[in-house]
Amino acid sequence: MQIGTFENIRADLKASKGKELNKIYNALPGLLDKYDHDTWIKDLLDWIKRTFADTRKRCVLIIDDLLENYSQLNDQDKASFRKDLLAISEIHMTVYERLQALFDAL
Amino acid sequence: MLYKMNKNASHPILKTVLRGIAIFVLAVVVFTGFYFSDCPALFKNHVSFNSEDFQFKAYALLILYRFIFYFSFPLILAFVEKIFWNKNKYVSLLIEYFNVQFGVYALISGVYYLFAIDRGLEGTVIFGSADSFLFIASFVFSLILKKRFPQNLDINEESANIDK
């Protein structure tokens, strides 16, 4: 399920533009602080990689980094992580998804 | 313009059509407002009781959303018509508006299924939860309340006019 949410965010990143992309980008570093437990050398290398990338690519790199760390989290962190990811995946919804959600709710 | 048209709408069908258009326009405006809010995401992920992601805010918004679509249009439009244009009792106007709303939603639903939009949206049902509710509300308002206020109904006045 978590992998599915990751994939949703990846798909959102491809479709998002402007404000939405910035919102996703602003939300992801918070997850890195909370759930990324890499060594400082790995963190430094990741940071250098991200420095030379555009916003969209940075988001993808952060997601890859988070995905690498996911298996090392305990159950409580996994649950909390899942909620945080869900909140980010809700930033971008396609027209189709929005219509479906509103029609379903009627 | 609507005022003039409504005032001149002596024909019951024209009156009903105008009321139907008013309800349809309001429904579109409200739907568009919800579309651009956070509500679609909230309704999609946070209203299931047995989910960890359940949020009371989302649940309350869903109730509000349904209340607006099921109740508010007849309540508001009947009130406006009563205040500005109509001497009939509010309840009799309310009955008529609920009937018109039932018709408008049935029409929207019919178009939705006729053009197979439900298949396009992966089997999403429109007014699925509203079907029985609207039927019952329409039935209750039409039959039970009509019996209590028969003298206030347009249909009786029109029948009287025809008899003359």
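Residues numbered from 1 in each chain as written. Chains lettered and ligands numbered in written order. Predicted model: local features only at pLDDT ≥ 70, side-chain atom pairs only at ≥ 80, totals over all residues. Heavy atoms only, no water.

### Considerations on the overall build of chain B
Link 1 in the chain: The secondary structure content of chain B amounts to eight helices and zero strands.
Link 2 in the chain: Each helix and strand of chain B, placed in order from N terminus to C terminus, yields the pattern α-α-α-α-α-α-α-α.
Link 3 in the chain: Here chain B holds 164 residues, and 38% of them are scored as buried.
Link 4 in the chain: Sequence-distant contacts, at least 24 apart, represent 54% of the contacts inside chain B between residues at least 6 apart.
Link 5 in the chain: Counting only carbon and sulfur atoms, one obtains 70% of the accessible surface of chain B, whose full area is about 9800 Å². (Helix = DSSP H or I, 4+ residues; strand = E, 2+ residues; numbered from the N terminus. Buried < 20%, exposed > 50% of the residue type's maximum accessible area, 1.4 Å probe, protein only. Contact = heavy atoms within 4.5 Å. Areas by Shrake-Rupley, 256 points an atom, 1.4 Å probe, with all protein chains shown as cover.)

### Brief notes about the packing of helix α2 (residues 18-35) of chain A against helix α5 (residues 75-89) of chain A
Residue and element names in this part refer to chain A.
Link 1 in the chain: In contact at an axis separation of 10 Å, α2 and α5 are set at 175° when each is read in the N-to-C sense. Between α2 and α5, the interaxial angle falls into the category roughly antiparallel. Between α2 and α5, the contacting residues are Ile24, Ala27, Leu28, Leu31, Lys34 and Tyr35 on the first element and Asp77, Ser80, Phe81, Asp84, Leu85 and Ile88 on the second.
Link 2 in the chain: A per-class count over the contact of α2 with α5 returns eight nonpolar, one polar and three charged. (Axes fitted to C-alpha atoms, helices over the stretch in contact; angles between N-to-C directions. Parallel < 35°, antiparallel > 145°, perpendicular 65-115°, else oblique. Nonpolar A, V, L, I, M, F, W, Y, C, P; charged D, E, K, R; others polar.)

### Considerations on the environment of Asn74(A)
Residue and element names in this part refer to chain A.
Link 1 in the chain: With respect to the element layout, Asn74 can be found in the loop between α4 (55-70) and α5.
Link 2 in the chain: By relative accessible area, Asn74 is classed as partly exposed at 43%.
Link 3 in the chain: From its side chain, Asn74 meets the backbone nitrogen of Gln76 in a polar contact 3.2 Å long. (Polar contact = N/O pair within 3.5 Å; in protein donor to acceptor, adjacent residues only side chain to side chain.)

### Focus on the side chain of Thr124(B)
Link 1 in the chain: Take Thr124(B): it is sitting in the loop between α6 (117-120) and α7 (130-148).
Link 2 in the chain: Taking relative accessible area as the criterion, Thr124(B) reaches 3% and is therefore assigned buried.
Link 3 in the chain: Of note is the side chain of Thr124(B), whose polar atom sits 2.7 Å from the backbone oxygen of Leu121(B).
Link 4 in the chain: In this structure Thr124(B) touches Gln100(A), Phe103(A), Asp104(A), Tyr112(B) and Asp118(B), once residues within four positions along its chain are discounted.

### Structural notes on the confidence of the model for chain A
Link 1 in the chain: Confidence in the prediction for chain A averages 81 pLDDT; 97% of positions are at 70 or higher.
Link 2 in the chain: Helix α1 (residues 2-15) of chain A is the least confidently modelled element of chain A, averaging 73 in pLDDT, while helix α6 (residues 95-105) of chain A averages 88, the highest of any element. (pLDDT = per-residue confidence, 0-100.)

### Side note on the pattern of salt bridges
Oppositely charged side chains can pair when the atoms bearing their charge come close.
All names here are of chain A.
Link 1 in the chain: Under the counting rule described, the total for this entry stands at nine salt bridges over all chains.
Link 2 in the chain: Salt-bridge contacts for Glu68 lead to Lys42; the nearest nitrogen and oxygen are separated by 3.0 Å. Here Glu68, found in helix α4, pairs with Lys42, found in helix α3 (residues 40-51); they are 26 residues apart in sequence, far enough to count as distant.
Link 3 in the chain: Overall, the relative accessible area of 26% leaves Lys42 in the partly exposed class.
Link 4 in the chain: Where salt bridges share partners, they join Lys42, Asp46, Arg50, Asp65 and Glu68 into one cluster. (Salt bridge = Lys/Arg side-chain N within 4 Å of Asp/Glu carboxyl O.)

### Brief notes about the side chain of His92(A)
Residues and elements named next belong to chain A.
Link 1 in the chain: Structurally, the position occupied by His92 is in the loop between α5 and α6.
Link 2 in the chain: Since its relative accessible area comes to 9%, His92 is described here as buried.
Link 3 in the chain: Ignoring sequence-local partners within four residues, the contact set of His92 consists of Asp12, Ala15, Ser16, Glu20 and Glu97.

### Points about the packing of helix α4 (residues 56-84) of chain B against helix α5 (residues 90-114) of chain B
Residue and element names in this part refer to chain B.
Link 1 in the chain: As a packed pair, α4 and α5 sit with axes 8 Å apart at the nearest point and diverge in direction by 135°. In terms of orientation, α4 lies oblique with respect to α5. For the pair α4 and α5, the sense of crossing is right-handed. The residues of α5 that touch α4, namely those facing Phe69, Tyr70, Phe71, Phe73, Pro74, Leu75, Leu77, Ala78, Phe79, Glu81 and Lys82, are Tyr90, Leu93, Leu94, Tyr97, Phe98, Gln101 and Tyr105.
Link 2 in the chain: Of the residues contributing to the contact of α4 with α5, the split by class is 15 nonpolar, one polar and two charged. (Left-handed = near helix turned anticlockwise from the far one by under 90°.)

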